[in-house]
Each structure stands twice: as C-alpha cells, then as structure tokens.
Amino acid sequence: MTLSLREVSRVFTTEKGETIEALSRISLEIRDQEFICILGPSGCGKTTLLRIIAGLESATSGTISLNGMATTEPSHLMAMIFQEYSLYPWRNVQDNVTLGLELRGMRKAERAENAKKYIELVGLKGFERSFPHELSGGMRQRVAVARALAIDPSILLMDEPFGALDAQTRNRMQHELLHIWQKTKKTILFVTHSVDEAVFLADRIVVLTPRPGTVREIVTVPGERPRERTGEQFVHIRRHLLDMISEESGTVQ
Amino acid sequence: MTRRLGLVLPLLLIIGWEAVAIIINNPFYLPRIESVIPVLINPFSTDYTLGTGSLVDNALVSIERVIIGFFIAAAVAIPLGIGMGRSSRINDFFDTTIEMLRPVPPLAWVPLALAWFKLGIASIVFIIFIGSVFPILLNTIDGVRSVKKTWIEVGTTLGASERQVLSKIVVPGAAPTIWTGLRVGFGIAWMCVVAAEILPGPTSGLGYLIMYAYNQGQMNVIIAGMITIGLIGLAVDQLFKIVESRLFSWRGLDR
C-alpha cells in the first residue's frame, strides 16, 4: 500500500477572520511497509497533517492518494492511534478492541476470535475483561494499538502515541511497536516531537519546519533494528536532526 | 458509624414530636405518634382514611400518574436532548423557547392544564411532564456535549456511520449524565404529582388523601400520608442510585 501526498496545504481561518497557514505544500511518497516518522516542533501542524491523511480534517488544497486513488474520507485501509487516552471507559479491553469489527456487523463469537490474536500480540492476554480504568497508561495504549490493528488496516497513523508515558514505558513500547511492525508488515506513519524516538523507530524521518509546516528535509536512517541508542551512527543522525531543529527555532533544545 | 450518627437526629425529632404532642394535647394541631403508627402499619385498611381508599390505593394512583408523565417526558427529552447536544442548528432552534418555558413553575401550568385537559389523569400527567422534562433535557444535552471528541473520532476512523456514532459512542458516553437527569426528573415528578393532587380536581392520590384528611380533621392521616410520600420518593431515588453504581461506575474512574 503506497500513500502519497501531493502539495498538501491547510489554511485555518480564526474567528477574527485572520488566516493562518498551518501546512504548506507538503509532498511525500510513502512506500509499502515503510516506517515513517514525522518530526517537528509543537505547532508545526504535524498532527493536523496526520488528521488530514486520516480523513478527520480536509486539506485546503492538494491531494492524498492511497495506491493512486485520491482519498478525503476515513478509509478502512487506515487506522489512527491517538495521543490521549481514547479508549471507551464503559467497554472492557476486548470490547474496545473489537469495536471496529462490531461496526462492520461481525458476530460476537467471530469478533472475540479475531480480537484474541491482537490482544496477544500487544501482550494483554488475560486482561480481556479488564476495564480501561484498571489499566496503566502503557497498557491502555496497547489496547489502542490492538484496536487499530483489529480492523486489519494497511497503514497505521500514530499521533504521538507514547507522548504521555514515562521514559521507561515509552522505551519498552517503542521496542514492542517495532516488533509488531515487523510481524504485521504494516506501513506506519508516526508523529513525534522526540528526536530520539524518531531515530530509534523510523526508516525515514520527515522533518517539518515551524508554522507553516513544510518539509524541511527527509532523513534516511540506516541500520538494523533494534538500534543501539548510543551507537555512533545513531548519535550522528540525532545530532544532525537536533542542529536542524535548533537552527529553525533559534533555540538550543 | 456515620450511618448510626445519621440516625440520631431523626430519633431526637421523633422524641421531640411526641413530647410536644403530649404537652399540647390537641390532635388537631399535632397528633401523637401512636395515632399515626396504626395508619402506617395497616396501609391496606380503609378504616383510617374515611372512605377515600387506603393508603396503598392512593399511593398506587400517584405512582401510576408519575410513571406515565415521567415516561412521556423522558421520551421527549432524551431524543431532543441528543439532537440539541449534537447539532448546534437544532440547539439554536429550540434553545430560546426552552429557556423561556423553563423558569415557569410546573404548578403555574395547573389552570391551563385544567382548561385543556379537564379534571382527570391527563391534566395531572401534563403537570408531571412539565416538571420532569427540563432536568432530563438539560442533563441529556450536557451529557452528549461531554462525550469526548476523541471517542467520536476513533469511531469515525474505524468506519462508524453517523448512526453508529450515535448508538455505540454518543449514547453510551452520555448515559451516566442522562441517568442523573432521569433521577432528578423523577424527584421533581414525584413532588409535582403530590402538589397537583392537592389542588382542586383529583379525587384520589396521596396528595388528595392528605388534603381530604385535613378537611376531615385527621391529622394522623396527614402525617402518615406525608411519611409515605417521603418513603416512596426515597426508595425510588435509591433504586436510581443502585443502577447508577452498577452500570455507570466508570464515570468517576475515567482518566
């Protein structure tokens, strides 16, 4: 599944009637099974870009196409994982994971069978009957990942999914996400403001400029996974990215 | 312990009541407890109620009226509230009218109710409807608006139709608040039925019974009737609370 963005721009109009350009002419070709990180400072429109791709918002101009077919609506080929806790507190883990299948009218027994695979994949076996409030932050994001995977999309859109987690949990989740990615062969589009996270995860890192967001540079990250965070190459790419970002914002991070 | 502490004041009040009743020694001002208790422990008897039907008969009549009015109110308020909570156009269309009608006390509708529906159940049901429709409506709107945007967006990205967003996400998400509205609405409905029955017209119901007992100088029946009204109100409220803690415990725990 290839995803291509051509000259995608987004302009917001404030209540006072001023226009704010959030994204400007973003073009991007994403290959099948690729892991892409979109890196940029807060307010550069990276979340907006992801929401446009997901069909939750529309672009002011430009096109987004999946396998060459233009798309503007939410598609079953893509699933989104949100930053904040997006689980339904009145549904247990299994019923959260199977919502997408339930919406398609799949029978309960079949749904449960389907969910089992993904609940196991994210390491939540035994927690099927637990409710979100009984789970830790990391576990809740695992449920969100399983819920997205359950509809078997080709592309996962992830909006700073580990942003609210503590450093240790975050590292573990990054490892597990790579494992899931290698196992399920999904294309992943992952938004983050963490340079470290981007270098650890991505095949290619798309660096956005501050408002209006434009593609500043696309950095290819070589190296087998899991990557050594203190390795020479890792540190080198990390420094390159940090330099680029601090130059943009005029401050050293 | 706190539960026991809560029982101290009622006990003192009862003792105080009895003491005052003995001192006054006039059952037309304040009857003694021992004249009220027989009425309460023989709720099926018509001996005390002087030919107007027993305590239970009258209570059932009141409950029936409340249930009819309350269900009509819920049937109107919940769908309307969901519409107003979801769509600003629907909200704008109804909001001004509702805000104008809402401050009018339900009992101020009694003359119109009598004029439109004449004496009988319909006018009382109408008053109950007016009393309970607004709390249910406002809570439903509030509940629907409190449904997190992310919940809806997740549903949309998973392929939910507008209808499914409503049935799988908005309604369950708003359900605890709607339930609160029903609970408050029922409380007001119960007050309205008693008040409406006191007014001229009805010939049954707990409100009618206490007014009838007043005309007969039966203070003990009045107090027994008041206690019954209180107990029924309390019991229904507890029922609502039990359901709330069973079904909607997630509300307070959601993080």
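To be clear, the structure that these remarks concern was listed above.
Residues numbered from 1 in each chain as written. Chains lettered and ligands numbered in written order. Predicted model: local features only at pLDDT ≥ 70, side-chain atom pairs only at ≥ 80, totals over all residues.

Q: Talk me through the overall build of chain B; I want residue IDs and the actual numbers.
A: Helix and strand counts for chain B stand at 11 helices and zero strands. Along the chain direction, N to C, the helices and strands of chain B fall in the order α-α-α-α-α-α-α-α-α-α-α. With respect to the three principal axes, the spread of C-alpha positions in chain B is 75 × 55 × 30 Å. Looking at chain B residue by residue over its 255 residues, the buried ones come to 38%. (Helix = DSSP H or I, 4+ residues; strand = E, 2+ residues; numbered from the N terminus. Buried ≥ 20, exposed ≤ 12 C-beta atoms within 10 Å, placed from the backbone.)

Q: So, the overall build of chain A: which residues are in play, and what are the values?
A: Helix and strand content of chain A: eight helices and 10 strands. The principal-axis extent of the C-alpha atoms belonging to chain A is close to 55 × 45 × 35 Å. Counting across all 253 residues of chain A, residues that qualify as buried make up 41%. When contacts within chain A are restricted to residue pairs at least 6 apart in sequence, long-range pairs at least 24 apart make up 69% of them. (Contact = placed C-beta atoms within 7 Å.)

Q: Outline the packing of helix α5 (residues 110-117) of chain B against helix α6 (residues 121-145) of chain B, listing residues and values.
A: Residues and elements named next belong to chain B. Taken N-terminus to C-terminus, the directions of α5 and α6 make an angle of 140 degrees; their axes are 8 Å apart at the nearest point. Crossing angle aside, the handedness with which α5 passes α6 is right-handed. Contacts between α5 and α6 involve V110, A113, L114 and F117 from the former and A122, S123, F126 and I127 from the latter. Here the residues of the contact of α5 with α6 sort into seven nonpolar, one polar and no charged. (Axes fitted to C-alpha atoms, helices over the stretch in contact; angles between N-to-C directions. Left-handed = near helix turned anticlockwise from the far one by under 90°. Nonpolar A, V, L, I, M, F, W, Y, C, P; charged D, E, K, R; others polar.)

Q: Would you mind going over the interface of chain A and chain B in detail, with residue names and values included?
A: Across the contact, 20 residues belong to chain A and 16 residues belong to chain B. Of all elements in the fold, only β6 (78-81) and α3 (99-103) of chain A reach the threshold of two or more residues within the side of chain A that touches chain B. Residue classes in the side of chain A that touches chain B are distributed as 14 nonpolar, four polar and two charged.

Q: Could you give an account of the sheet that holds strand β9 (residues 204-208) of chain A, naming the residues involved and the relevant values?
A: Residue and element names in this part refer to chain A. In spatial order, the strands read β6-β7-β8-β3-β9-β10; together these six strands make up an open sheet with mixed pairing. Every other strand in the sheet has two partners, leaving β6 and β10 (215-220) as the edge strands with one partner each. Adjacent strand axes in the sheet meet at a mean angle of 15 degrees when their direction is disregarded. The sheet contact formed by β6 and strand β7 (residues 155-159) spans four bridges and is parallel. Of the residues in β7, the one forming a bridge with M80 is L157. Packing against the sheet, helix α5 (residues 137-150) makes contact with β6 and β7, and its axis sits at approximately 170 degrees to β6. (Pairing = 2+ DSSP bridges.)

Q: Go over the pairing of strand β8 (residues 187-192) of chain A with me, naming the residues and quoting the values.
A: All names here are of chain A. Where burial is concerned, most of β8 is hidden: six out of the six residues are buried. Pairing between strand β3 (residues 35-39) and β8: five bridges, direction parallel. Of the residues in β8, the one forming a bridge with I36 is L189. Two elements, β7 and β8, share five bridges in a ladder whose sense is parallel. Within the sheet, the bridge partner assigned to I155 lies in β8 and is T187. Taken together, β7, helix α6 (residues 167-184) and β8 constitute a β-α-β crossover, and its handedness is right-handed. (Right-handed = clockwise from strand over helix to strand, strands pointing away.)

Q: Pulling in residues and values, what's your account of the environment of M173 of chain A?
A: Residues and elements named next belong to chain A. Counting through the fold element by element, M173 comes out in helix α6. Note on M173: 20 C-beta atoms within 10 Å, which makes it buried. Between the C-alpha atom of M173 and that of R142, which follows or precedes it by 31 residues, the distance is 8.3 Å. In this structure M173 touches G138, Q141, F162 and L165, once residues within four positions along its chain are discounted.

Q: Describe the packing of helix α8 (residues 162-198) of chain B against helix α10 (residues 219-247) of chain B, naming the residues involved and giving the relevant values.
A: Residues and elements named next belong to chain B. It is the contact of α8 with α10, at a shortest axis distance of 10 Å, that shows an interaxial angle of 170 degrees. By the angle class used here, α8 and α10 are roughly antiparallel. Each of W179, L182, R183, F186, G187, W190 and V194 in α8 lies in contact with α10, whose residues at this interface are I229, G233, V236, D237, F240 and E244. (Parallel < 35°, antiparallel > 145°, perpendicular 65-115°, else oblique.)

Q: Describe the nonpolar core, naming the residues involved and giving the relevant values.
A: Within soluble globular proteins, side chains that are nonpolar generally end up buried alongside one another. Among the nonpolar cores identified, the biggest contains 131 residues, and I36, L39, A146, L157 and L189 of chain A together with I127 and I128 of chain B are the most heavily contacted of them. Setting aside anything within four residues of it in sequence, one finds L189 of chain A in contact with I30, I36, I38, L50, I53, I155, L157 and M158 of chain A. (Core = buried A, V, L, I, M, F, W, Y, C linked by C-beta atoms within 7 Å.)

Q: Describe the environment of G163 of chain A, listing the residues and the values that go with them.
A: All names here are of chain A. Structurally, G163 is set in the loop between β7 and α6. Looking at G163, the number of C-beta atoms within 10 Å reads 15, which means it is partly exposed. Sequence spacing of G163 and S9 is 154 residues, and the spatial spacing of their C-alpha atoms is 26 Å.

Q: Would you mind going over the sheet that holds strand β4 (residues 61-66) of chain A in detail, with residue names and values included?
A: Residues and elements named next belong to chain A. Taking strand neighbours across the sheet as the criterion, the four strands line up as β2-β1-β4-β5 in an open arrangement whose pairing is antiparallel. Each edge of the open sheet carries a strand with a single partner, namely β2 (19-30) and β5 (69-70). The pairing of strand β1 (residues 3-13) with β4 spans five bridges and is classified as antiparallel. What sits directly across from S9, in β4, is S61. The strands touched by helix α1 (residues 46-54) within the sheet are β1, β2 and β4, with β2 carrying the most contacts at an inclination of about 65 degrees.

Q: Which residues make up the pairing of β7 of chain A, and what are the values?
A: Of all five residues making up β7 of chain A, five are buried, and the element is well covered by its neighbours. Because side chains alternate across β7 of chain A, one face comprises the buried residues I155, L157 and D159 of chain A, and the other comprises L156 and M158 of chain A, equally buried.

Q: So what about unusual backbone geometry? Which residues, and what values?
A: All names here are of chain A. In this chain, R211 is followed by P212 through a cis amide linkage whose omega measures -5 degrees. As for its placement among the helices and strands, P212 is situated in the loop between β9 and β10. Look at the link from R225 to P226: it is a cis peptide, with omega at 0 degrees. Position of P226 relative to the elements: it lies in the loop between β10 and α8 (232-249). A positive phi angle, near 40 degrees, is found at E160, a position not held by glycine. Positionally, E160 belongs in the loop between β7 and α6. One non-glycine residue, K185, lies in positive phi territory at about 55 degrees. For K185, the position within the fold is in the loop between α6 and β8.

That's the geometry; what it means functionally is another story.
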